Structures are given as structure tokens and as C-alpha cells.
Amino acid sequence: MPRPKIGFIGYGAMAQRMGANLRKAGYPVVAFAPSGGKDETEMLPSPRAIAEAAEIIIFCVPNDAAEIQSLSGENGALAALTADKLVLDTSTVSPDQADAFAKLAVEHGFSLLDAPMSGSTPEAESGDLVMLVGGDESVVKRAQPVLDVIGKLTIHAGPAGSAARLKLVVNGVMGATLNIVAEGVSYGLAAGLDRDVVFETLQQVAVVSPHHKRKLKMGQNREFPSQFPTRLMSKDMGLLLDAGRKVGAFMPGMAVADQALALSNRLHADEDYSALIGAMEHSVANLPHK
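Residues numbered from 1 in each chain as written. Predicted model: local features only at pLDDT ≥ 70, side-chain atom pairs only at ≥ 80, totals over all residues. Heavy atoms only, no water.

### Regarding unusual backbone geometry
Stated formally: The way it works is that DSSP assigns letters per residue, a run of H or I at least four long becomes a helix, a run of E at least two long becomes a strand, and they are numbered from the N terminus. The buried label applies to any residue whose accessible area, calculated with a 1.4 Å probe on protein chains only, is under 20% of its type's maximum; exposed applies above 50%, and partly exposed to all values in between.
At Asn75, a position not held by glycine, the phi torsion is positive, near 55°. Assignment of secondary structure puts Asn75 in the loop between α3 (64-72) and β5 (86-89). Taking relative accessible area as the criterion, Asn75 reaches 42% and is therefore assigned partly exposed. One non-glycine residue, Arg222, lies in the positive phi region at around 55°.

Rendered as C-alpha cells:
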């Protein structure tokens with residue numbers, strides 16, 4: 001049987017890599033990219049055109065405002081999201097926006113999963129993302145063949161909106177841990193330890209995750225090619241703190257990390273969020289940050 005056509009709304013670094021893996025698996029892919037890059041994928045002129053052309057629509061946009069515009073703006077997708085469509089929202093958005101999208105799905109009759117991914121561009125390229133999904137079990141089963149192509153594991157977080165909330169847990173831990181790693185580096189350098197000894201030791205010990213070891217290598221090289229840009233990590237930390245305030249969660253460590261990443265974002269918005277390591281090195285050791 002022919003594979004269903006997949007349409008991306010938002011086609012930046014993560015979506016392009018997911019799209020490449022889906023093409024390799026035999027899925028026809030089209031995309032709309034208001035600000036993202038382009039590859040050999042057929043590009044369509046609007047979110048509505050994507051929703052009309054594709055059976056499965058994958059949203060991969062940077063924030064709530066972009067998602068609302070893609071849904072309900074001029075030539076938005078919502079007008080063409082009929083009952084036969086399956087929508088996977090891989091964007092990291094606020095719980096409130098995830099809930100609003102789920103309400104629209106009920107009102108218009110289309111199937112929807114909030115399906116943010118855990119992983120950066122290396123995992124997207126290799127198909128090793130961890131897919132977090134929220135929604136009905138029957139919809140998860142319908143989406144599973146696609147999820148299996150773009151990810152190595154699917155975690156059903158619960159009903160609609162659950163995955164959006166779980167993604168903030170994951171990214172909060174990721175951002176707060178990076179801040180702690182950067183603080184440790186800054187102390188070691190300020191205390192006069194050899195720079196390479198500090199970085200290489202942290203890349204060897206078990207208490208630092210493989211993900212953060214990649215970030216330490218960037219810090220050691222003073223080069224921060226963007227696998228996950230600071231502007232998006234800072235945005236996600238803000239979403240987490242806003243959501244946490246609404247439910248009364250106690251997150252002082254994550255609040256500190258949010259402030260550190262917000263400061264780093266002023267100069268390093270489009271660099272990888274590990275640029276925070278370089279920013280701290282510059283501040284405490286008075287070394288140039290490239």
C-alpha cells in the first residue's frame with residue numbers, strides 16, 4: 001500500500017531531519033517553511049495548503065504565537081483540518097496552548113497528538129528521538145508507524161496535553177543541569193585549575209550525562225554550533241516557570257537556570273544553549289568568548 005503523504009508546518013533544523021528519515025522510509029513529504037530552511041522537499045505556500053495536501057500533518061513551530069498563526073492566521077491550517085486528518089504537534093508550546101489545540105481537534109473532528117520530541121539535531125538525523133505523546137490510545141496506534149521512523153522510543157504520557165507538560169519537565173532538567181555544569185566549570189577555572197583538565201574530567205565522569213558531555217566539548221572548544229539554540233531553551237524555561245507557578249510547583253533551581261539562560265540569550269540567542277558555559281567562563285576567568 002502507498003504510504004500516506006506527510007506535510008510539515010514549520011521546516012527548520014529538526015523538521016528537515018525528520019522529513020529526510022520519512023522520505024527514506026517511503027513517505028511522500030511536503031512542507032511549509034515560513035522561516036525554516038529548505039531541501040529537496042516539495043514546498044507549499046501556506047499551512048492551509050499543507051493541510052489540504054497531506055493526510056498526516058506535523059507541526060514543528062517555535063512557540064505558541066507561531067502555532068496560533070499557523071492554525072488560524074491567513075491561509076491557516078484549521079480551515080482544512082477535516083475528520084480524516086491526523087495531526088502530530090511536535091512543537092514545544094505551553095500547556096495552555098496544547099489544551100487549546102486539543103479543544104480545536106474535538107470541535108473540528110480531526111485526530112491530534114501533542115507529540116514533542118526529546119533530543120537535538122544529532123538524534124533527529126539518526127532517527128533516535130524519544131517521542132512524548134499525549135492523546136487517545138487509538139490515535140497513538142494510528143500514528144505509531146510514523147513515530148517509529150522519526151524516533152527510537154514512544155512514551156504515551158497520558159491524555160491530550162500530557163506530553164506538552166512532560167516535555168517541559170525534560171527540558172527543565174536539561175537546562176538546569178547545564179547551568180550547574182557551567183557553574184562547576186566557572187569555579188574550577190576561577191580556582192586556577194588547568195582548563196583542559198576541568199573540561200576533560202567532566203567529560204569522563206558518570207555524573208555528567210552524554211548530552212551534557214557534548215555540551216562540555218563545545219565549551220572546551222569555545223565553539224557552539226547550534227543543535228538547540230539558546231533562544232529556544234530560554235523560551236522553554238520560561239514556559240516551565242509560568243506553568244509551574246500556575247500549579248504551585250517549587251522550582252528554585254530551575255528559576256536560577258532560567259535567569260542564567262535569559263542572560264546568555266542576550267548575546268548568544270542563535271548559538272547552542274551550551275554557550276552559557278562560554279559566557280560563565282568569560283565572566284569569571286576573564287577569557288574571551290568566541
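### Regarding the nonpolar core
For clarity, the threshold we go by: Among buried residues, those of type Ala, Val, Leu, Ile, Met, Phe, Trp, Tyr and Cys that are joined through side-chain atoms within 4.5 Å constitute a nonpolar core. Residues are treated as being in contact if the distance between any of their heavy atoms lies within 4.5 Å.
With 30 residues, the main nonpolar core has Ile6, Phe8, Met18, Leu22, Leu88 and Val146 as its most contacted residues. Of all the secondary structure elements, the ones that give two or more residues to this core are β1 (6-9), α1 (13-24), β2 (29-32), β4 (56-59), β5, β8 (129-134) and α6 (137-150). Here this core takes 7 residues from α6, the largest share from any one element. Leave out the neighbours within four places in its chain, and Ile6 touches Leu22, Tyr27, Pro28, Val29, Val30, Ala54, Ile56, Ile58 and Val146. Grouped together as the second largest cluster of nonpolar side chains are 28 residues, Met174, Met233, Met237 and Tyr273 included.

### Some details on the environment of Ala80
Here Ala80 shows up in the loop between α3 and β5. The spatial distance from the C-alpha of Ala80 to the C-alpha of Pro47 is 9.0 Å, given a sequence separation of 33 residues. If we ignore the near neighbours within four places in the chain, the residues touching Ala80 are Arg48, Ala51, Glu52 and Lys85.

### Focus: the pattern of salt bridges
Worth spelling out the cut-off: The term salt bridge refers to a side-chain nitrogen of Lys or Arg lying within 4 Å of a carboxyl oxygen of Asp or Glu.
Under the definition given, this model contains 12 salt bridges. One salt bridge in this structure joins Glu281 and Arg222, with 3.0 Å as the shortest N-O distance. Taken together, the positions of Glu281 in helix α12 (residues 275-285) and Arg222 in the loop between α9 (210-221) and α10 (230-247) put the pair 59 residues apart, joining distant regions of the chain. Accessibility expressed as a relative area gives 2% for Glu281, which makes it buried. Given the relative accessible area of 24%, Arg222 is considered partly exposed. Between Asp236 and Lys235 there is a salt bridge, with its nearest N and O atoms 2.7 Å apart. Look at Asp236 and you get buried, because its relative accessible area is 3%. Several salt bridges share partner residues, and in doing so they unite Arg195, Arg222 and Glu281 into one network.

### Comments concerning the pairing of strand β9 (residues 151-158)
On a regular strand, one side chain projects to one face of the sheet and the next to the other, so that they alternate. How we decide: Should DSSP find at least two bridges between two strands, the strands are taken to pair. The crossover handedness rule: strands pointing away from the viewer, path from first strand over the helix to second strand clockwise, crossover right-handed.
Both β8 and β9 contribute to a ladder of 6 bridges, which runs parallel. Opposite Val133, over in β9, you have His156 as the bridge partner. In terms of handedness, the path from β8 via α6 over to β9 forms a crossover that is right-handed.

### A short note on the packing of helix α7 (residues 162-190) against helix α8 (residues 195-202)
What counts, and what does not: Only the contacting stretch of a helix is used when fitting its axis, a line to C-alpha atoms as for every element, and angles between N-to-C directions run 0 to 180 degrees. In this scheme, roughly parallel covers angles under 35 degrees and roughly antiparallel covers those over 145, while 65 to 115 is roughly perpendicular and the rest are oblique. Less than a right angle of anticlockwise turn of the near helix away from the far helix marks a crossing as left-handed, whereas a clockwise turn marks it as right-handed. Here the term charged refers only to Asp, Glu, Lys and Arg, the term nonpolar to Ala, Val, Leu, Ile, Met, Phe, Trp, Tyr, Cys and Pro, and the term polar to all other amino acids, Gly among them.
The geometry of α7 relative to α8 is characterised by a closest axis approach of 9 Å and an angle of 150° between their N-to-C directions. Considered as vectors, α7 and α8 are oriented roughly antiparallel to each other. Here α7 runs over α8; the crossing is right-handed. For the pair α7 and α8, the contacting residues are Val185, Gly188 and Leu189 in the first and Arg195, Val198, Phe199 and Leu202 in the second. Tallied by class, residues from the contact of α7 with α8 come to 5 nonpolar, 1 polar and 1 charged.

### As for the pairing of β4
Every second residue of β4 is oriented toward a common face, with Ile56 and Ile58 on one face and Ile57 and Phe59 on the other, all of them buried. Two strands pair when backbone bridges link them, and β1 and β4 are joined in this way by 4 bridges, in the parallel orientation. Within β4, the position partnered with Ile6 by the bridge is Ile56. The pairing of β4 with β5 spans 4 bridges and is parallel. Bridge pairing in β5 links Phe59 to Asp89. The β-α-β motif built from β4, the intervening α3 and the parallel element β5 has right-handed crossover chirality.

Structural measurements only, silent on function.
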